[in-house]
Amino acid sequence: MGAPPNGLITQQVIEAMNPKAGVSVSTAADGSGAGANLQESVAGLRRPQKSLPCKYFYDERGSRLFEEICGLEEYYLTRAEMGILDARAGEMAEALGADCALIEYGSSSARKALPLLERMERPAAFVPVDISMHHLERVAQEIGERLPGLAVHPVCADFSLPFALPHLNGRAARRAGFFPGSTIGNLTRKEALQFFRRVAQACGAGGGLLVGVDLMKDVRRLEAAYNDRRGATAAFNLNILSVLNRELGADFRPGLFRHRARFNPAESRIEMHLVSTAAHAVRVGGVEVRFEAGETIHTENCHKYTLGDFAALAAQGGLEVRKVWTDPARLFSLQYLEAAEG
Ligand code: TRP
């Protein structure tokens, strides 16, 4: 089945798929979740260091390539995180507490929330939030099949912007955010603080956040994870140009660009770039964008934290790290945060 056009799927479609759960989808009023935004893209391409918003990676092909990345030998993140979840979901469920509504930010599959929801005591609701209606459909269907009694309220929205939470039944004693996959690492520190504030607002007093954080480690290991031998990451990075061609009528020639992922020690992050191999010009929505040979488009950051760095960042955002779970090799962590008291 192809992805339905974003934002166009109706509530009835989801209900037809999952009649018993009574699932209904909320869509952000600004229609976010809809395709690439011309102004935002052109503005990024006009800066001295050209950049593109990373959310455009995830069209149907991009999502497939990302799935492939998650299974790569070099890409330790997903394996490590799933290992921690499988071994420690019971403890995480305990930290979340009984009658908790779980809000997942960026829910492209059910596999991470499921082990948690299965172990939570009387989970009050599950709210998957994703930019892709296609992902939401699948997630709602799978959770509905595995946990038929659970109230599922999908929200189709870009979680980097404010969005309204659906009205949850009064049964939720508390709310907690779930943000796996080290997506927090794709935010700058400033954006991460903004995200913490939004979650605190959405989850209210006593709310929590369970977040996946990739840990600082040997630079060769880090760079290998983003430069796989099969070239899946390169294809994923280059795919953003095809998305702009299709959605904005741009005329990028992906063959003129090369994938580059390097660790930037000053910022403690892997930086993903697309390097132009020749001087040339591209048209994006009627605007000409010129490239020098060797000039790059910055497409993504993947920040790597020590446990201390991350605790300090959380504290700056008014959150306190209450629990940390890691794999035996300490590659990755899941951390439970709560609003600091006072
Ligand atoms: N959250 C993932 C990460 O930081 C995203 C990611 C993995 C990614 N590989 C990528 C983003 C390649 C852009 C390009 O690891």
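Residues numbered from 1 in each chain as written. Predicted model: local features only at pLDDT ≥ 70, side-chain atom pairs only at ≥ 80, totals over all residues.

### Focus: the site of the ligand
Taken together, 15 residues lie around the ligand, and Ser182, Thr233, Met272, Glu300 and Cys302 are the ones closest in. Tallying contributions element by element places helix 9 (residues 232–248) first for the shell around the ligand, with three residues. Residues that form the shell around the ligand fall into these classes: seven nonpolar, seven polar and one charged. (Near = placed C-beta within 6 Å. Helix = DSSP H or I, 4+ residues; strand = E, 2+ residues; numbered from the N terminus. Nonpolar A, V, L, I, M, F, W, Y, C, P; charged D, E, K, R; others polar.)

### Details of unusual backbone geometry
The phi dihedral of arginine 122 is positive, around 40°, even though this residue is not glycine. Mapped onto the fold, arginine 122 is located in the loop between helix 5 (113–119) and strand 4 (125–130). Taking the C-beta count within 10 Å as the criterion, arginine 122 has 12 such neighbours and is therefore assigned exposed. At arginine 330, a residue that is not glycine, the phi angle is positive and equals roughly 55°. Assignment of secondary structure puts arginine 330 in the loop between strand 13 (319–326) and strand 14 (332–339). The exposure class of arginine 330 is exposed, given the 12 C-beta atoms found within 10 Å. (Buried ≥ 20, exposed ≤ 12 C-beta atoms within 10 Å, placed from the backbone.)

### A closer look at the confidence of the model for the chain
Of all residues in the chain, 89% have pLDDT values of 70 or greater, and the mean over the chain is 89. Across residues 1–22, where pLDDT falls below 50, the model places 37 contacts with residues more than four positions away in sequence or in other chains. Note that residues 29–34 has pLDDT below 50 and, in this model, 16 contacts with residues that lie over four places away or in other chains. (pLDDT = per-residue confidence, 0-100. Contact = placed C-beta atoms within 7 Å.)

### Regarding the sheet that holds strand 8 (residues 257–264)
Each strand in a sheet pairs with another by means of backbone hydrogen bonds, the pair being arranged parallel or else antiparallel. Reading across the sheet, the four strands line up as 2-12-9-8 and stay open at both edges, with mixed pairing between neighbours. Since the sheet does not close on itself, it has two edges, and those belong to strand 2 (50–51) and strand 8, each with one partner. In the sheet, strand 8 pairs with strand 9 (residues 269–276) via eight bridges, with the strands oriented antiparallel. Within strand 9, the residue paired with asparagine 264 across the bridge is arginine 269. (Pairing = 2+ DSSP bridges.)

### Some remarks on the nonpolar core
The biggest cluster of nonpolar side chains holds 67 residues, and the ones touching the most others in it are Met92, Leu102, Ile103, Leu116, Ala176, Leu209 and Leu210. Considering every element that reaches this core, the biggest residue donor is helix 4 (residues 76–96), with nine residues. Apart from residues no more than four positions distant in its own chain, leucine 116 is found in contact with Ala89, Met92, Ala93 and Leu102. Core analysis: the next-biggest nonpolar cluster, separate from the first, contains 21 residues, Phe57, Tyr58, Ile131 and Val282 among them. (Core = buried A, V, L, I, M, F, W, Y, C linked by C-beta atoms within 7 Å.)

### Some details on the packing of helix 3 (residues 60–70) against helix 9
When two helices pack together, their arrangement is given by the angle between the helix axes and the distance between those axes. With their axes 9 Å apart at the nearest point, helix 3 and helix 9 run at an angle of 165° to one another. As the angle between them shows, helix 3 and helix 9 are arranged roughly antiparallel. Considering the relative orientation of helix 3 and helix 9, their crossing is left-handed. The segment helix 3 lies against helix 9, with Arg61, Gly62, Leu65, Phe66, Glu68 and Ile69 engaging Ala232, Thr233, Ala235, Phe236, Asn239 and Val243. Across the contact of helix 3 with helix 9, the residue classes break down as seven nonpolar, three polar and two charged. (Axes fitted to C-alpha atoms, helices over the stretch in contact; angles between N-to-C directions. Parallel < 35°, antiparallel > 145°, perpendicular 65-115°, else oblique. Left-handed = near helix turned anticlockwise from the far one by under 90°.)

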